[in-house]
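Listed here are the chains, written in short residue letters.
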Amino acid sequence: MDVDTRLLRYAVAVAREGSLTRAAERLFVSQPALTKQIRRLEKELGVRLFTRSRAGMTPTEAGRALVDGAAELLDDWERLLRATRRTADRAERVLRVGFVASAANEATPAIITAFGRLRPGWRVDMRQTSWAHPTAGLATGDVEAAFVRLPFPGQDELRTHVLFTEPRWVALAAAHPLAGRERIAFHELWDEPFVAAPAETGAWRDHWLAADERDGRPVRIGAVTEHPDDWLSAIANGYGIALAPASAARFYARPGVVYRPVTGVAPSRVAIAWAPADDANPVVRDFVRCCVGSVAPTER
């Protein structure tokens with residue numbers, strides 16, 4: 001019998017988290033979709049894997065046997081994939097680097113240039129991901145390093161080095177009553193509808209909603225988007241406002257959308273991230289060195 005490794009990964013996550021909700025956030029999928037896939041796996045195997053209750057999801061005896069073996073199998077599979085991709089990349093002299101939105105801003109070209117000097121003949125393949133995948137491809141093994149914004153789900157399982165911070169501003173429709181202000185206090189925005197990332201992005205979504213900086217005031221969601229173009233359209237059409245890095249005013253300028261500084265919210269942190277398995281990878285280490293060395297001390 002052939003079983004999709006994705007289903008095994010889902011079962012392991014549910015067992016480790018003990019909750020469909022937390023497992024869905026960890027996997028960046030919706031809870032209904034995760035429930036459907038767990039039931040599919042149980043049907044394919046012909047056994048009940050979990051006992052469901054108000055307290056959460058508890059593996060049955062059969063479920064525990066599967067999860068224990070699957071966790072080891074998945075670890076071996078990930079190591080095999082990384083080794084295969086690393087061998088192919090070294091043969092082609094390519095380093096795959098993921099990024100979310102504006103990456104490391106204006107420092108990105110300098111980083112790539114520094115890496116080219118350090119590793120002649122190597123090429124950096126930059127791969128952008130949607131906001132539904134805030135690890136920028138690291139969680140799925142699609143890249144070997146990534147420019148990310150902290151915090152995000154699964155962050156503790158990766159290596160991260162903060163490169164710099166930048167203020168969070170607010171993006172509003174040009175017709176918004178506060179759009180004419182030079183600076184806005186965050187408490188003036190508490191009752192506004194916000195354009196948010198998908199719920200399964202967990203801590204990432206909460207950070208860009210400043211959920212912990214509202215003095216207990218609940219968040220109003222006006223729209224949910226994954227991509228910059230959809231995000232800008234939702235704001236321009238008045239579905240909501242959104243917090244954004246100050247650099248968004250440069251990288252994502254659009255008629256109908258204005259950006260204003262906001263007081264009362266912590267800054268955004270940009271980091272370079274990589275998997276612990278690549279700690280000994282000299283190419284990844286060199287790229288991280290170039291990232292750190294290309295960012296001015298004043299920015300850090």
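Right, let's walk through the structure included here. Since this is a predicted model, take the numbers as computed values, not measurements.

1. A look at the pattern of salt bridges
Where side chains of opposite charge bring their charged atoms close, a pairing between them can arise.
Alright, step 1. Evaluated as defined, the whole model comprises 14 salt bridges.
Alright, step 2. Here Arg149 ties to Glu166 by a salt bridge, and the two come within 2.6 Å at their closest N and O atoms. Taken together, the residues span a long stretch of sequence, with Arg149 in strand β5 (residues 145-150) and Glu166 in strand β6 (residues 159-166) at a distance of 17 residues. For the pair formed by Arg149 and Glu166, the shared burial category is buried.
Alright, step 3. By sharing partners, the salt bridges in this structure join Arg119, Asp286 and Arg289 into a single network.

2. Details of helix α9 (residues 282-294)
Alright, step 1. The end-to-end C-alpha distance of α9, which contains 13 residues, comes to 18 Å, matching closely the 18 Å that a straight helix rising 1.5 Å per residue would cover.
Alright, step 2. Buried residues of α9: Val283, Val284, Asp286, Phe287, Val288, Cys290 and Cys291, and no others.
Alright, step 3. If you check the start of α9, you find a side-chain oxygen 3.0 Å away from the backbone N of Val283, and it comes from Asn281.

3. Quick word on the environment of Ser233
Alright, step 1. Tracing the sequence through the fold places Ser233 in helix α7 (residues 228-236).
Alright, step 2. For the pair Ser233 and Arg250, spaced 17 residues apart in sequence, the C-alpha to C-alpha distance is 17 Å.

How each quantity is defined
Starting afresh in each chain, residues are numbered from 1 along the sequence in its written order. Per-residue local features of the predicted model are confined to residues with pLDDT of at least 70, and side-chain atom pairs are confined, for both listing and counting, to 80 or more; whole-chain, interface and lining totals are unaffected and use all residues. Calculated side-chain values reflect all of the structure's heavy atoms, with hydrogen atoms and water omitted. For salt bridges, the criterion is a side-chain nitrogen of Lys or Arg within 4 Å of an Asp or Glu carboxyl oxygen. Helix numbers and strand numbers start at the N terminus; a helix is a DSSP run of H or I with at least 4 residues, a strand a run of E with at least 2. Relative accessibility under 20% of the residue-type maximum defines a buried residue, over 50% an exposed one, and the middle range a partly exposed one, all with a 1.4 Å probe and only protein chains included. Expected span of a helix, by definition, is 1.5 Å for each gap between consecutive residues, and there is one gap fewer than residues. The term polar contact refers here to a pair of N or O atoms within 3.5 Å; inside protein, the definition further demands a hydrogen-donor-capable atom paired with an acceptor-capable atom, and it admits residues adjacent in sequence only when both atoms are side-chain atoms.

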